[in-house]
Structures are given as C-alpha cells and as structure tokens.
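# Fold and geometry: a report
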Amino acid sequence: MKTKLLAVTAASGAVLLSTLALGGTAVASGSYPGHHDNKVSGRLNTLNNSGVTGDARVKVEGKKLEVDYTARHLAPNLPHAAHIHYGAQASHECPTVKDDANRDFRLNVAEGLPRYGPIAVSLTTSGDTSPASALAVDRFATAPKGTINYERTIKTSKDVARAIRNGEGVLVVHGVDYNNNGKYDFDGAGKSELNAALPAEATDPAVCGVLR
Ligand SMILES: [Cu+2]
C-alpha cells in the first residue's frame, strides 16, 4: 500500500515537472497517471485445442467492473459459461498442459484452480453475476457464428474488485465441442467434474487470459 502511494506521488511529480518544462502551460491531457491504474486487460489464449482466441478488458471503479471481452472461434450457438476467476491462494495464471493432473489430455476446470482460483464473477448476460450463477447455462452468451462480444457493468465485492485491479483476475470462457457435433454431449468427454448432470464439454475451459 505504501509503495503504491509512493509510486503515484512520483508519477504525479513527473507530470508536474514536464508541465513546468513546457513553460508552465497547463496541459489538461485527460490521461493523468492515476487513470491507467484502474484498467486491466489481457489476451485470451486457447486451451484444450479449442482454437478460441480473443481479448478482454476490465475497468474497475470502486466495486464496479466494466467488463468487455471478445472471443472468436467458439463452438457456435452453444452457451459459453464465462467467469473472472480469482483466489488469494492461486498463482493468477492460466493453466498449461502441465496441469493435466489426471493425464487425460484435457484440462478441466478443477485442474486449473491452482492457477486461476475459484470463480469470483459470473459473466452472465442478465441477472445475478455472483459465483452462484457459475453454471447458469441459460444466462450466458451463445456465440452466434462462434463469436462473443460481451459488455456488461457488474458490481462485485471490494476484495474482488481490488484483486482484479491489482492484475490478479483471470478471465475464462468455457465450453468445448470436442467431437464437433454441434452440441454438448457426453460422448465428447464424459461428465463434468463440476456437475455430473452436465457434459464436460459444457464446462471445460476453451480460452483463458490474465487481466494485467
Ligand atoms: Cu470459469
């Protein structure tokens, strides 16, 4: 906390100095250093050979998150659960093939937990956005033509907002149609480790990005 305050003070000092160097002209640039601190973003990288790519941005103001992400090459017309994951115990990273603990050549949600942590925010299209909506399949974007352009302002807790602002949030979009038959079915990869009523295809992570 103290370091942060010092850094901000130092940055403001730099602006003041450069303003003075310009001969005292007060230039209102609209991008004073403090403003950069509340925006985090990251590239979304493919998991589970899904071929999905994208990018994400979050602007944090108090407990308010302005979230927007784009993901391409998703399984089209299927609900894609999406979350911001965060855990104090997590390493705030995306999992890699090395995290395939049971060596079934898939990364499931559980195997990624040490990296990205539990679900902190559910990126639903309407209604509740808490972890309770983690698998609210009827309220997630469905990727018409394989693309999701998501935008929503969400209120979260102080702790989660602070963690995201600090670059510790990880955005994950789920849902991989392994057998390419246009639906989530048990033939693709069996049951989900999260909910035996759901196919693993519906919950396995498709793409992941750390919001730094
Ligand atoms: Cu998730």
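Before reading on, note that the structure itself is shown above.
Residues numbered from 1 in each chain as written. Predicted model: local features only at pLDDT ≥ 70, side-chain atom pairs only at ≥ 80, totals over all residues. Heavy atoms only, no water.

It is worth spelling out the side chain of Asp100 at this point. One can find Asp100 in the loop between β4 (82-85) and α2 (109-116). At 2.8 Å, the side chain of Asp100 and the backbone nitrogen of Phe105 are in polar contact. Each residue touching Asp100, except ones within four places of it in the same chain, is listed here: Phe105, Arg106, Leu107 and Glu111. (Helix = DSSP H or I, 4+ residues; strand = E, 2+ residues; numbered from the N terminus. Polar contact = N/O pair within 3.5 Å; in protein donor to acceptor, adjacent residues only side chain to side chain. Contact = heavy atoms within 4.5 Å.)

One open sheet accounts for 8 strands, arranged β5-β4-β7-β8-β1-β2-β3-β6; its pairing is antiparallel. At either margin of the open sheet sits one strand with a lone partner, and together these are β5 (119-122) and β6 (148-155). Adjacent strand axes in the sheet meet at a mean angle of 20 degrees when their direction is disregarded. Sheet analysis places strand β1 (residues 39-46) next to strand β8 (residues 205-211), joined by 2 bridges and oriented antiparallel. When the bridges of β8 are listed, Thr46 appears paired with Val207. (Pairing = 2+ DSSP bridges. Axes fitted to C-alpha atoms, helices over the stretch in contact; angles between N-to-C directions.)

In total, this model carries 9 salt bridges according to the counting rule given. Measuring nitrogen to oxygen at the nearest pair gives 3.9 Å for the salt bridge that ties Arg72 to Asp55. Taken together, the residues span a long stretch of sequence, with Arg72 in strand β3 (residues 64-72) and Asp55 in strand β2 (residues 53-61) at a distance of 17 residues. Using a relative accessible area of 34% as the deciding quantity, one classes Arg72 as partly exposed. The class of Asp55 is partly exposed, set by a relative accessible area of 23%. (Salt bridge = Lys/Arg side-chain N within 4 Å of Asp/Glu carboxyl O. Buried < 20%, exposed > 50% of the residue type's maximum accessible area, 1.4 Å probe, protein only.)

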